[in-house]
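# Tertiary structure, described
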Amino acid sequence: MPFSLALALLAAQPVVDAPPEDPAAVDWEKEFGIEKKVRDPVTGEFPVDPYAQDPANAGARPFAGDGMARAFGGQDGIRSIVDRLVDLNVKDPRIADIFRNQDTVRLRRTLFEQICFIVGAGCSYTGRDMKSSHKDLGTTRADLNALVENLQQAMREHKVPFAAQNRLLSRLAPMDKDVVER
Amino acid sequence: MPAHLAHKAPDPISPRQRQVGRACRSSRSLAPFAAIAALALTSAAHAEPLMDGGKLVLTNGISTVEGASGGGLATWATIAGMETDRGIGISAHVTGIELADYGWQSHGLSVGIRDRVELSWARQNFDTRNVGAALGLGKGFRFNQDIFGAKLRLVGDTVYGSPWLPQISVGVQHKRSLDGAIVKAVGAAAADGTDFTASATKLVLSKSVLINATARLTNANQFGLLGFGGPNQTGRTVQFEGSLAWMLTPRLVVGGEYRTRPSNLAIAREDDAHDLFVAWAVTRNATLTAAYADVGSVATFDGQRGGLVSLQFAF
Ligand code: HEM
């Protein structure tokens, strides 16, 4: 009795209700219980977990005098060097993945403060310390070298004399253990 | 809003997702769905390349006349090749020296393993030209030697870490003269020998200067080309190698080196050697070195100085 067999098969089919959901339309953050972060309307930054602010978080002591600050073109020069550095990093195929989905608005501000503080151009550093800022980024020595090359390029483009470039690097180089994870 | 804040940044993600995105470089989506898929695939899909050329240019040094990485004359604490602590690098070089009465050609290969261990080989060919006839060896007689080296980085880093802690390495260089009968005839005690080196190298960034100091235990005569030991001194003595280099740009270095040497043979005095060099990283992988070198007296012919050119490829 082929007819009743076909009927039975039909009855066994699951009920087709709606077409499958479009994954792009799903609020996955909500689905997985992830808290949504919102940018600060004034600074444009995302909030970070609370931490103790301390200029020592910059990880290096500042240069005395104003020679280094002048070599870097003062605060304006440092700001455009840092902007260029972040632009280079997010485009650099060697390390772009590490910067993907990071808060580069905050990074531009804190990196500016850090370099401004170290070269003695009149800033205080308000960011996190190097160890906790780079935790779980999975950075390697090769990533650090890539970042140093990008910094060198940004400084060169902004006509920072080579000796002054190296003097800044001399204060950053001892941080390698904190910013390199594996 | 200040200009530097006007850049668009996507939503932040948790550190865990961050690591997943990092470990699997092809994962570009932020959705947790993709992150979980990536997590599942990570171990299978993610194989890190052993060669990504991650070292800073010139921090591998150039190839010395003995094949180990360093300056031209002095073995440094550096490890050959362009790889960092996660890769295996290689380099190859060829060097030519024109001296007053002699010609030198050397070439070699080296491997740098995880910026920790260096294995090297070099062949030296020393052309005696007219001196060969004067010494009764025949015009254009060549002394040849193979050098097998191994170097281990113990602590420190040339560029990073404490400015007071240099990169420190120890090494051995086993040298085998290919002219055993002749070097013994000139008075050498042996046709092969082994040098031991300990080197400390640091790039002092605050001064843009690279400093190297090496102690070498050796009984080699003219690097070993004239054998090992002799009537004056059979055993090894401690010799010193120093280098001072000034970085002009990330790719251009000028400097000088000094190397003391024993004088073991009775028939011919041996002098200290020194050089002045320019090293230029033409590309990330090719370094061209030109130097003025002075090795003093060689086989009774004094004033052996001249030009050195060396080309190194490193990956
Ligand atoms: C000596 C070298 C370095 C210095 C001085 C430095 C400095 C900084 C500073 C000041 C911050 C911001 C801290 C804060 O938000 O409070 C930061 C964050 C960050 N750095 Fe670095 N960094 C270095 C090396 C690296 C390297 C090698 C990488 C990867 C290639 C990297 C990737 C990042 C990323 C992705 C963040 C954002 C992390 C987050 O917002 O959670 N950094 N760094």
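This text gives an overview of the structure that appears in the document. (Residues numbered from 1 in each chain as written. Chains lettered and ligands numbered in written order. Predicted model: local features only at pLDDT ≥ 70, side-chain atom pairs only at ≥ 80, totals over all residues. Heavy atoms only, no water.)

## Looking at the overall build of chain B
Across its full length, chain B holds 4 helices and 14 strands. Relative to its 315 residues, chain B shows a buried fraction of 53%. Carbon and sulfur atoms provide 67% of the accessible area of chain B, an area that totals close to 13000 Å². (Helix = DSSP H or I, 4+ residues; strand = E, 2+ residues; numbered from the N terminus. Buried < 20%, exposed > 50% of the residue type's maximum accessible area, 1.4 Å probe, protein only. Areas by Shrake-Rupley, 256 points an atom, 1.4 Å probe, with all protein chains shown as cover.)

## Considering the pattern of salt bridges
Residues and elements named next belong to chain B. Enumeration over the complete set of coordinates arrives at 33 salt bridges over all chains. For K175, the salt bridge is made with E66, and the minimal N-O distance between the two is 2.6 Å. Of this pair, K175 sits in strand β7 (residues 167–177) while E66 sits in the loop between β1 (62–63) and β2 (69–70), placing them 109 residues apart in sequence. Relative accessible area serves as the criterion here: at 0%, K175 is assigned to the buried category. Given a relative accessible area of 1%, E66 falls into the buried group. In this structure, D127 engages R142 in a salt bridge whose closest nitrogen and oxygen atoms are separated by 3.8 Å. Of this pair, D127 sits in strand β5 (residues 117–127) while R142 sits in strand β6 (residues 142–155), and the two are 15 residues apart along the sequence. Under the relative-accessibility criterion, D127 is labelled buried at 16%. (Salt bridge = Lys/Arg side-chain N within 4 Å of Asp/Glu carboxyl O.)

## Digging into the coordination of the iron atom of the ligand
Within the protein, just one atom coordinates the iron atom of the ligand: A:H134 (NE2), at a distance of 2.0 Å. As for its position among the elements, A:H134 is in the loop between α7 (130–133) and α8 (141–157). (Donors = N, O, S within 2.8 Å, 3.2 Å for Na, K, Ca; no water.)

## Some points on the layout of surface pockets
Estimated volume of the second largest pocket: approximately 420 Å³. Along its surface, the second largest pocket is lined by 21 residues, and B:S162, B:P163, B:W164, B:V204 and B:S206 are the ones closest to its centre. At the level of secondary structure, the elements contributing two or more residues to the lining of the second largest pocket comprise α9 (162–172) of chain A together with β8 (192–204) and β9 (209–218) of chain B. (1 Å grid on protein atoms, 1.4 Å probe; cavity = no way out; pocket = protein on both sides within 12 Å on 5 of 7 lines; lining within 4 Å. Points joined across faces, edges and corners; volume = space filled by probe spheres on them.)

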